[in-house]
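Observations on the model geometry
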Amino acid sequence: MGTSTAMTVQTLAEESPKKGIRLLATGDCLHPKWLAEIRDGTKERDGVFDRGKVSFVLQTEVEDNHRVHHIIIFPDVASVEGFIEGMKGRHSPLDSDGRPKVHMGGAEVAQAAVDCGALFGPSHAFTPWTGMYGHHTKLAGCYGDLAPKASFAELGLSADTDYADRISELHRLTFLTNSDAHSPYPSRIAREFNRLDIKDVTFTELRKAILREGGRKFALNVGFPPEEGKYNESACIACFKHYDLKQAMALRWRCVCGGVIKKGVKDRIEELADLPKPNHPDHRPPYLHIIPLSEIIAKAIHAPNANAKAVEDIWAKLVGKAGSEVAVLIDDPIENIANPAVADAVRRFREGKVRMIPGGGGQYGTIAFDDASPSEKAKPKSLKGQTALMDFKG
Ligand code: ZN
């Protein structure tokens, strides 16, 4: 449900290398037909299934009885089967819902994951509807006695390391910057990703990186500026008017239009934070903020959206020539970009002349260039001072 019919293992295996992705989490691996497609004709190799240049690791999200979403990463197919067993039928039909709803609390989900040797943690941990901190104020409030067994937190599109490291109980966790994809457009796959220092692309190595064992680690988190996320600021879910925390509280979370004001991740962090400023533990890797190239192209050529055919054509040409999206965005000479409008837009991105107009209430944030209309200039946020991705190497 909710996923494009074009999302096949084959398509993902073809499209992911264009984004520089070597290891992809399957999503939805409790779904019997999807699992069969992942396994089809491929031998399991230490928890991964290789297709062309890409390895798939078994992973799913589940929604617990508080509507909180959890990510579970499995060591092998037997573990997936063990987890299904552990749910004891307390779930929505597995053959329709890729992210099943389970009639279990967070602690029970954690127990089922631990029992089958899987890794677990909250997904988009701070988002208002279904994030762990949307409902709970502490990890233990969700996972109970098993909170110490959570090994990671996935930050979601609306938060970054600076947000999350204001909550000291998160310091021991590895942060994942992942994103889901419901369609195979280049603008959808790997909107956020991680760079790992590992010796081989296997579950064992991934596990070591998450647990930071044997020198394996996450070397870089790459993601949207938090303002791009659709729940960054508190805003009305009907008319998308933005409010600051004080205003929203004074209005009792009711917009002037009558709609509900949904608390943004920025304000939720402000409420939860026990540190006035982010305090990064030594193991925390740098965080690189990146804007999808397709979005920059769309803005430059005035396309209706980032999935437009004209955008895709330019994207494919540029990435084909430069080798990867990141090379186009950051490292490749501007002269290599033939389209003058796109070249100018990428130059502005590199010079920090792209500003974010924060998202909220379910509406994604957008980018604006410095010559944007005055209304678009309302909330400037520069991306200045970014170092090239290559500088973060090992
Ligand atoms: Zn409203």
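Our subject is the structure that appears above.
Worth saying up front: this structure is predicted, and the values here are computed from it rather than measured. (Residues numbered from 1 in each chain as written. Predicted model: local features only at pLDDT ≥ 70, side-chain atom pairs only at ≥ 80, totals over all residues. Heavy atoms only, no water.)

**What to know about empty space enclosed by the protein**
- Considering all chains together, one arrives at three cavities of 30 Å³ or more under this definition.
- As a volume, the largest cavity reaches approximately 90 Å³.
- Along the walls of the largest cavity sit K19, A190, R191, F193, F224, I290, I291, P292, E325, V326 and L329, which together make up its complete lining.
- Ranked by residue count, the leading element in the lining of the largest cavity is helix α13 (residues 325–331), at three residues.
- Residue classes in the lining of the largest cavity are distributed as eight nonpolar, no polar and three charged.
- Here the lining of the largest cavity spans two domains, and each of domain 1 (9–225) and domain 3 (293–386) adds at least three residues to it.
- Within this model, the second largest cavity holds a volume of roughly 50 Å³.
- Looking at the second largest cavity, the residues that line it are T174, F175, R212, K217, F218, N221, H283, R284 and P285. (1 Å grid on protein atoms, 1.4 Å probe; cavity = no way out; pocket = protein on both sides within 12 Å on 5 of 7 lines; lining within 4 Å. Points joined across faces, edges and corners; volume = space filled by probe spheres on them. Helix = DSSP H or I, 4+ residues; strand = E, 2+ residues; numbered from the N terminus. Nonpolar A, V, L, I, M, F, W, Y, C, P; charged D, E, K, R; others polar. Domains from an automatic or database assignment.)

**Description of the packing of helix α11 (residues 293–300) against helix α14 (residues 340–350)**
- For the pair α11 and α14, the least separation of the axes is 9 Å and the interaxial angle reads 125°. Taken together, the axes of α11 and α14 lie oblique to each other. Our pair here, α11 against α14, has a crossing hand that is right-handed. Contacts between α11 and α14 involve L293, I296, I297 and A300 on the former and, on the latter, A341, V342, A345, V346 and F349. (Axes fitted to C-alpha atoms, helices over the stretch in contact; angles between N-to-C directions. Parallel < 35°, antiparallel > 145°, perpendicular 65-115°, else oblique. Left-handed = near helix turned anticlockwise from the far one by under 90°. Contact = heavy atoms within 4.5 Å.)

**As for the coordination of the zinc ion**
- Summarising the metal site, the zinc ion is bound by the protein donors C236 (SG), C239 (SG), C255 (SG) and C257 (SG), whose distances to it range over 2.3 Å.
- Between the four donor atoms coordinating the zinc ion, the angles at the centre fall across 105 to 117°, so the site counts as tetrahedral.
- Donor residues for the zinc ion sit on one chain with the sequence pattern C-x2-C-x15-C-x1-C. In this pair, C239 sits in the loop between β12 (235–236) and α9 (245–250) while C255 sits in the loop between α9 and β13 (261–262), placing the two residues 16 residues apart along the sequence.
- Residue classification places C239 among the partly exposed positions, given a relative accessible area of 39%. (Donors = N, O, S within 2.8 Å, 3.2 Å for Na, K, Ca; no water. Tetrahedral: all angles 85-135°; square planar, octahedral: opposite > 155°, others 65-115°. Buried < 20%, exposed > 50% of the residue type's maximum accessible area, 1.4 Å probe, protein only.)

**Quick notes on the nonpolar core**
- Formed by 92 residues in total, the largest nonpolar core has its most connected members in F74, F83, F126 and L170.
- Beyond its immediate chain neighbours, meaning those up to four positions away, F74 contacts C29, L30, V57, L58, Q59, T60, S79, V80, F83, C116, A118 and F203.
- Among the nonpolar cores identified, the runner-up in size contains 12 residues, and V57, I71, F152 and F203 belong to it. (Core = buried A, V, L, I, M, F, W, Y, C linked by side-chain atoms within 4.5 Å.)

**What to know about α14**
- Turning to α14, its buried residues number three or more, namely V342, A343, A345, V346, R348 and F349.
- Of the surrounding elements, those touching the buried residues of α14 are α11, α12 (309–322), α13, β15 (354–357) and β16 (366–369).
- Of the residues flanking the end of α14, it is G352, one or two places downstream, whose phi is positive at about 75°.

**Brief notes about the sheet that holds strand β2 (residues 44–45)**
- The sheet built from four strands is open, its strands ordered β1-β4-β3-β2 with mixed pairing. The strands lining the two open edges of the sheet, one partner per strand, are β1 (23–25) and β2. (Pairing = 2+ DSSP bridges.)

**Let's talk about the side chain of H70**
- Counting through the fold element by element, H70 comes out in strand β6 (residues 69–73).
- Under the relative-accessibility criterion, H70 is labelled buried at 0%.
- Here Y143 takes part through its side chain, which lies 2.8 Å from a polar atom of the side chain of H70.
- Excluding residues within four positions of it along the chain, H70 makes contact with T60, E61, V62, D64, G106, V109, G121, P122, S123, C142 and Y143. (Polar contact = N/O pair within 3.5 Å; in protein donor to acceptor, adjacent residues only side chain to side chain.)

**Brief notes about the layout of surface pockets**
- Approximately 360 Å³ is the volume attributed to the second largest pocket.
- Contributions of two or more residues to the lining of the second largest pocket are made by α11 and β16.
- Considering each element in turn, the lining of the second largest pocket owes the most residues, three residues, to α11.
- Taken together, the residues of the lining of the second largest pocket sort by class into eight nonpolar, five polar and five charged.
- Looking at which domains feed residues into the lining of the second largest pocket, each of domain 1 (9–225) and domain 3 (293–386) gives three or more.

Function cannot be inferred from these measures alone, as they are strictly geometric.
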